[in-house]
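Observations on the three-dimensional arrangement
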Amino acid sequence: MGQYYIGLMSGTSLDGVDIAIVDFNNDTPVVMSTRFRTYPNELFLALKSACREPNINLDDLGRLDAELGCFYAQCIQQSLGDAKLNSQDIIAIGSHGQTIQHSPNSHPVHSLQIGDANRIAENTGITVIADFRRRDIAAGGQGAPLVPAFHQAVFQSDEESRAIVNIGGISNVTFLSKHHDEAIIGFDCGPGNTLMDQWCQQHFDIPYDAAGKLSKNATVNSALLDSLLNDAYFSKAPPKSTGPEYFNLNWLQTHLDKHPTSTMDTLSTLCELTASCIAQSVMQLAPVDRTLICGGGVHNDYFQKRLNALANSPVETTGAYGVDPDWVEAVAFAWLAKQTMEGKAGNIPSVTGAKRAVILGAIYPSLSRKG
Ligand SMILES: Nc1ncnc2c1ncn2[C@@H]1O[C@H](COP(=O)(O)OP(=O)(O)O)[C@@H](O)[C@H]1O
Ligand SMILES: [Mg+2]
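Structural notes, computed from the coordinates. This is a predicted model, so every value here is computed, not measured. (Residues numbered from 1 in each chain as written. Chains lettered and ligands numbered in written order. Predicted model: local features only at pLDDT ≥ 70, side-chain atom pairs only at ≥ 80, totals over all residues.)

For the rest of this paragraph, the subject is unusual backbone geometry. Here the amide bond leading from His107 into Pro108 is cis, since omega sits at -5°, within 30 degrees of zero. Residue Pro238 is joined to Pro239 through a cis peptide bond whose omega torsion reads 5°. With respect to the helices and strands, the residue Pro239 is situated in the loop between helix H9 (232-235) and helix H10 (249-258). The phi dihedral of Lys84 is positive, around 55°, even though this residue is not glycine. Looking at the secondary structure, you find Lys84 in the loop between helix H2 (58-83) and strand E4 (90-95). Although it is not a glycine, Asp205 sits at a positive phi angle of roughly 55°. For Asp205, the location among the structural elements is in the loop between helix H6 (194-203) and helix H7 (213-216). With 7 C-beta atoms packed within 10 Å, Asp205 lands in the exposed category. (Helix = DSSP H or I, 4+ residues; strand = E, 2+ residues; numbered from the N terminus. Buried ≥ 20, exposed ≤ 12 C-beta atoms within 10 Å, placed from the backbone.)

Next up, the structure:
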């Protein structure tokens, strides 16, 4: 009998939801089924305006929260079918939700994820863990990044020190020393795909630069790149986290005003910005023997080539190290749900800045599970 959990991840790219059904019965997680569902266009547009335009109306926000919860529940039903499992086989779902606002520098710190977990529990008959970030924030942390504890559990090695880098809308890094008593360091590096994606959507009417083909055929404006990299976020000491609330097209425009650049060359410069801020983050940590990358950015061949050129250690995907790079984050939220169900902490205080390790999330129970 497996120990099945479901992880649901919707990142800042707003591309949709990743669903992974995972069996934790063994030392390493076994992924039973995966599914990616893009957001239906109406939902995408509503989420985009909720995230990117301030002053959302509360009625719209309430509706969006409910609709998203129902959509997540539908996605889970499909995944159960894929894996030939039923709701009673699953111990719990870990649902990250869609971040509407992440404000680590506000006083008090706050972060809001939506996608009504009550509806997920009610419509699937499975216990749901959601609202993972706010307990860490209540304990004095930034609520992000939360994946480092999972990275530690799965990717730490005795033989080599590793950096794990996730390239979603935002990019984040976890440093795992081969000396296991050393503190885990992890933080958001800065933009991942979000600026490139938004630029492609605005200027080329495409969701993203597939395989980096457009960036590859344009030229980096080094004056613009230097200006972008001069932003104080990049040199700030961790703990630190960020989001598209900060790294967005308005932020880019303030730099473009000083360094006018063609649309194609701007895209190439944004690709170089992502590769540079990740390479700098990895190099500033401590000596790293290997960098393992995951997240949608692994499909951007040109970005990967640039990261390889800038990094001072070999760069590979997590694929050969136990988890397919497309599913690391979804598997991480399944694992975080398991931590919560077992009464174990999910945050790492040296990463988020929290005063203590805490059990994350709220539990939305299902009464229907047997055994
Ligand atoms: N074939 C591809 N070529 C280039 N970039 C891609 C490709 N496939 C996905 N991506 C990038 O990955 C992003 C999605 O990555 P993901 O890890 O899901 O981010 P998030 O967790 O923020 O949702 C897309 O928005 C896009 O930028
Ligand atoms: Mg995604």
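The next point concerns H2. Under the 1.5 Å per step criterion, the end-to-end length of H2 is 38 Å for 26 residues, consistent within 8% with the ideal 38 Å. Turning to H2, its buried residues number three or more, namely Leu64, Asp65, Leu68, Gly69, Phe71, Tyr72, Ala73, Cys75, Ile76, Ser79, Leu80 and Ala83. A positive phi of about 55° marks Lys84, the residue just after H2. (Expected span 1.5 Å × (residues − 1).)

Another aspect to go through is the packing of helix H8 (residues 222-229) against helix H11 (residues 263-285). Look at H8 against H11: their axes get within 10 Å of each other, and the N-to-C directions meet at 45°. When the axes of H8 and H11 are compared, the pair comes out oblique. Here the hand of the crossing between H8 and H11 comes out right-handed. Side by side, H8 and H11 meet where Leu224, Leu225, Leu228 and Leu229 of the first sit next to Thr269, Glu272, Leu273, Ser276 and Cys277 of the second. (Axes fitted to C-alpha atoms, helices over the stretch in contact; angles between N-to-C directions. Parallel < 35°, antiparallel > 145°, perpendicular 65-115°, else oblique. Left-handed = near helix turned anticlockwise from the far one by under 90°. Contact = placed C-beta atoms within 7 Å.)

Bringing the site of ligand 1 into the picture now. Around ligand 1, the surrounding shell holds 18 residues, and the nearest of these are Gly11, Gly168, Asn193, Gly296 and His299. Looking at the shell around ligand 1 residue by residue, the classes come out as three nonpolar, 11 polar and four charged. For the shell around ligand 1, the domains that each give at least three residues are domain 1 (4-143 + 327-364) and domain 2 (148-313). (Near = placed C-beta within 6 Å. Nonpolar A, V, L, I, M, F, W, Y, C, P; charged D, E, K, R; others polar. Domains from an automatic or database assignment.)

If you trace the five strands from one edge of the open sheet to the other, you get E10-E9-E8-E11-E12, paired in mixed fashion. The two strands at the open ends of the sheet, each matched to only one other strand, are strand E10 (185-191) and strand E12 (315-317). Averaged over neighbouring strand pairs, the angle between their axes works out to 25° when direction is ignored. (Pairing = 2+ DSSP bridges.)

Time to look at the nonpolar core. Ile93, Val128, Val331 and Ala334 are the most contacted members of the largest nonpolar core, which totals 95 residues. Each of domain 1 (4-143 + 327-364) and domain 2 (148-313) contributes no fewer than three residues to this core. What Val128 contacts, discounting residues up to four positions off in sequence, is Ala92, Ile93, Ser95, Ala117, Ile120, Ala121 and Tyr364. (Core = buried A, V, L, I, M, F, W, Y, C linked by C-beta atoms within 7 Å.)

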